[in-house]
Amino acid sequence: MLKGIAGAAGLAATPALIAACSSSGGGGAKKGSTGSGDITFGSNYSDPSTKGAFATLTQQATSATSVKINVNTVDHNTFQNNITSYLQGTPDSLCTWFAGYRMQYFAAQGLLAQIDDVWDKIGSNFNDATKSLSKGLDGHYYFVPIYNYPWVVFYNKSTFSSKGYSVPTTWDQFTALAQQMKKDGLIPIAFADKDLWPALGTFDILNLRINGYDFHMQLMQNKAQYTDPKVTEVFKHWAEILPYCQSGANGRIWQDAAKALENKQAGMMFQGSNQVAANYSAANLADLDFFPYPAINPDFGQDYMDAPADGFIMPNKGKNGGSAKKVLEYIGTGPAEVAYLKTDKWDVGLAQNIDTSGYNAIQKKSAQAIAACKNVAQFGDRDTDPAMAAALEALIQKFIDDPSDSNISSIQKSAADQAKTIFG
Amino acid sequence: MTLGVDVRSSDREEAQRRRPRRKRGRRLLSRRDKVVLTLMLGIPVLIDLAFIWFPALGSIVLSFTRWNGIGGLHLGKTCQPPPAPSVLQNGCFYGVQNYHQAATVYPQFWPAVQHNLIWLAVFICFATPLGMLFAVIIDRGIRGSRIYQSVLFLPVMLSLALIGIVWEFMYSQNLGLINTVIGRNGNSNAIDWLGNPHLNLWAVLVEATWRQAGYVMVLYLAGLKAVDPSLREAATIDGANAWQMFWRVIFPVLKPINIVILVVTVIESLRAFDLVYITNHGSNGLELLSVLVTNNIVGEISRIGFGSALGVVLLVISIVPISIFLYQTFRREEPR
């Protein structure tokens, strides 16, 4: 018994210790930047649909660059959970990852290879916003994106036309519409937060609408305080619409909330397009539409949104970097994105010259909505330290349980205290 | 070995005997014996050191550091207070800061300790006695006892992760069996079994009890089958009723199995993890120390030092029942 428990408590630390022994800190060395031959590609695209899309992409990459690619697919969550030891151990030549602080964090510690030379060739394909989200904190490039998707308010066209609702563009219109829906017996806003991250999207958009992009990013990077009255405003606005949100959100998975929207029990739902649209059955997809989150502060209007970009990084310890860079050069083109999006119908490409003739209605509108933004954030859990994102997610669940003023201020204080220990 | 028994008799004798005994003992062991002994003792000791003591002590050392798992440890370096950016402050000596932060700033810590204790209490006061009750009833040979036995044992054969998923369907707000049966699956009146922080711990404890009771039942049933039937006969002749027979005769005879069950119960409640992790990753009312350790160490969060500190707290809590158990076991063996 002693063995069992002491072992269990201690074992958790073992992988980390082993990792410590095997690594010497890196520090931007260019170990993996040369060498040619076959490459391996670590992929977390484990769902059947994305796996198929990724397979198409790598086949196209092989035929364009004549580099043979062996794909190692790992379950999405497992891949994410193991990333620290993966990058320090024997990583693949290339692997899937996310833009934002999540990428910059590993780049800053020398675990990712710098790919400025790749961007010399593909830079002209992308706009400045995409370029900046592909850079590390040191201003060098470490990431090549493949797609992104917007966080917007989804609704059913048939519901809006049969009840005579119109798309709200301001906060007052939005709350009035929610009130009307409630009167009409609908759940105004389908809402779920059992997985902890979905409600972070609402925090992000309210912060972006009320306080703007710069403040949001400062908050995410610990340059602004969670006790700031600006954050209080975010929670107060949220508390205003919380009575119109589906109750019991902390116990519901987002797929069930999306079902409520699809079944027309709910009027609206704020979530990412590659979640809601992907969850809709083909028969109902034509009825699905969305609008950008309504404006709150006229200074910022509808200028910003969360549009997380997924893409690829080159681990510093990967093999055959020369071939890997050739593949990245291919991936950073319009045709590569089209190849990927042939089967993935919920995301949109980022290349400026991309051929959009294969897009469905949601994709076309997504691309327009993202292009209309002055700047896009990645997402709460991608723009900040993962520990801080987890702290905020737990506090938001507390807020959903009790949106009173006193609880809001205790949440803000706890967030600020935890930020000190996490970033300190 | 024989050495130990003789040495006990008295101190003076021991002093006189020690030298010659040792010499004789050494002579008795051939080279081959020594090799065998070394291998048989050495390999388990090495395994024990490598897989239990090294990680356990490693956790304790790490709990005094601030480390994200990237790069090496610099135990000589003390972490500087802010404003240095966090990425640069890595692998440094952090004193008791991790423990201090857990107790003061980390909002999940105290609820987790409380939930671990509730879990233990429910298992000892409810789940285990329930399993024993099932065993006693089935042992009386009621009609269809084999069917009950199989049905009650079925949950034990499922993995805890699977049990979590099965019960998720039962507890689902709008689509779940329980809310549908009691007519509370509407949009306004649905009971949020797994999301409401005042309810979800108890809901998950029902899941855990569902399995634990079956597990205890099987262990106890095995014990009951081994009870000498003549004891029962004698008790019946003496006019004992069923209640007296169990508590005065059967229960005392089953002392060894009772201890096994107590140990199993404590272990099962301290290692509780799977159900809450499946349900909501141990958040919002379902915090447990094991989950907090995992959440901080495994995955992207990588606060290895902080997570290790939480692991050490769990270790300290575990040591209490372990010590009691070991003390009890060895005390009983001494008189023999």
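Above this note sits the structure.
About the thresholds
Residues numbered from 1 in each chain as written. Chains lettered and ligands numbered in written order. Predicted model: local features only at pLDDT ≥ 70, side-chain atom pairs only at ≥ 80, totals over all residues. Heavy atoms only, no water. Phe/Tyr/Trp six-rings, centres within 6.5 Å; stacked < 30°, edge-to-face > 60°. Buried < 20%, exposed > 50% of the residue type's maximum accessible area, 1.4 Å probe, protein only. Helix = DSSP H or I, 4+ residues; strand = E, 2+ residues; numbered from the N terminus. Lys NZ or Arg CZ within 6 Å of the ring centre and 35° of its normal. Pairing = 2+ DSSP bridges. Axes fitted to C-alpha atoms, helices over the stretch in contact; angles between N-to-C directions. Expected span 1.5 Å × (residues − 1). Bend = angle between axes of the 7 residues up to and from the residue. Contact = heavy atoms within 4.5 Å. Buried area = accessible area lost by both parts, 1.4 Å probe. Salt bridge = Lys/Arg side-chain N within 4 Å of Asp/Glu carboxyl O. Polar contact = N/O pair within 3.5 Å; in protein donor to acceptor, adjacent residues only side chain to side chain.

Trainee: Got a minute to help me understand the packing of aromatic side chains in this structure?
Mentor: Here the distance between the centres and the angle between the planes together describe a pair of aromatic rings. Throughout the structure, instances matching the rule amount to 44 aromatic pairs over all chains. Relative to A:F106, the ring of A:W97 lies with its centre 6.0 Å away and its plane at 70°, an arrangement referred to as edge-to-face. When sorted by exposure, A:W97 lands in the same class as A:F106, which is buried. Aromatic side chains A:Y213 and A:Y304 sit 5.7 Å apart centroid to centroid with 35° between the ring planes, which places their arrangement in the tilted category. Of this pair, A:Y213 sits in helix α11 (residues 198-220) while A:Y304 is found in strand β9 (residues 304-306), placing the two residues 91 residues apart along the sequence. The two residues A:Y213 and A:Y304 agree in class, both being buried. Between the NZ or CZ atom of A:K365 and the centre of the ring of A:F290, over which it lies, the distance is 5.2 Å. The ring of B:F306 has B:R303 sitting right over it, with the charged end atom 4.2 Å from the ring centre.

Trainee: Looking at this structure, how should I read the sheet that holds strand β6 (residues 187-190) of chain A?
Mentor: Paired through their backbone hydrogen bonds, the strands of a sheet run either parallel or antiparallel. Residue and element names in this part refer to chain A. With respect to topology, four strands assemble into an open sheet ordered β6-β7-β5-β8, the strand pairing being mixed. The open sheet terminates on both sides in strands that have one partner only, identified here as β6 and β8 (288-291). In this sheet, adjacent strand axes meet at a mean angle of 30° when their direction is disregarded. With three bridges joining them, β6 and strand β7 (residues 266-272) adopt parallel strand pairing. Bridge assignment links I189 to a residue of β7, and that residue is M268.

Trainee: Please explain the sheet that holds strand β2 (residues 74-78) of chain B as it appears in this structure.
Mentor: Residues and elements named next belong to chain B. One open sheet accounts for three strands, arranged β1-β3-β2; its pairing is mixed. At either margin of the open sheet sits one strand with a lone partner, and together these are β1 (65-66) and β2. In this sheet, strand β3 (residues 92-93) lies alongside β1 in antiparallel orientation, the contact comprising two bridges. Bridging from a neighbouring strand, R66 pairs with C92 of β3.

Trainee: Sorry, what's going on with α11(A) here?
Mentor: For the α-helix, the turn length of 3.6 residues means that residues three or four positions removed from each other point alike. All names here are of chain A. For α11, spanning 23 residues, the distance from its first C-alpha to its last is only 17 Å, which falls clearly below the expected 33 Å at 1.5 Å a residue. Roughly 120° is the biggest bend found in α11, and it falls at N211. One or two positions beyond α11, positive phi appears at N222, with a value near 65°.

Trainee: For this particular structure, what's the right way to read the pairing of β8(A)?
Mentor: Side-chain direction in a regular strand flips from residue to residue, so the side chains alternate between the two faces of the sheet. All names here are of chain A. Of the two faces of β8, the one carrying L288 and F290 and the one carrying D289 and F291 are both buried. Relative to β8, strand β5 (residues 151-156) runs antiparallel, the two being bridged by four bridges. In the strand pairing of β8, F154 is matched with F290.

Trainee: Please clarify how the interface of chain B and chain A should be interpreted in this entry.
Mentor: Where interface size is quoted, it is often the accessible area lost as the parts come together. Facing the 62 residues of chain B at the interface are 55 residues of chain A. Of the roughly 4700 Å² buried between chain B and chain A on both sides combined, carbon and sulfur atoms contribute 62%. Counting across the interface, chain B meets chain A through two salt bridges. Here A:K194 and B:E168 are joined by a salt bridge, their closest N and O atoms 3.3 Å apart. Where chain B meets chain A, there are 13 residue pairs in polar contact (both at pLDDT 80 or more). Elements supplying a minimum of two residues to the side of chain B that touches chain A: α3 (31-62), α12 (255-270), α13 (274-280), α14 (289-297) and α15 (304-333) of chain B. If you tally residues by element for the side of chain B that touches chain A, the top one is α3(B), at eight residues.

Trainee: Would you mind showing me how to read the pattern of salt bridges here?
Mentor: If charged atoms from side chains of opposite charge come close, those side chains can pair. Taken as a whole and assessed by the stated rule, the structure comprises 15 salt bridges over all chains. Close ionic contact of A:R102 with B:E300 constitutes a salt bridge, the shortest N to O distance being 3.1 Å. Taken together, the residues span two chains, with A:R102 in helix α6 (residues 101-108) and B:E300 in the loop between α14 and α15. When the shortest N-O distance is used, the salt bridge between A:E262 and A:K259 registers 3.5 Å. One end of the pair is A:E262 and the other is A:K259, both in helix α13 (residues 254-262) and three residues apart, which spans about a single turn. Taking the relative accessible area as the measure of exposure, A:K259 reaches 36% and is therefore partly exposed.

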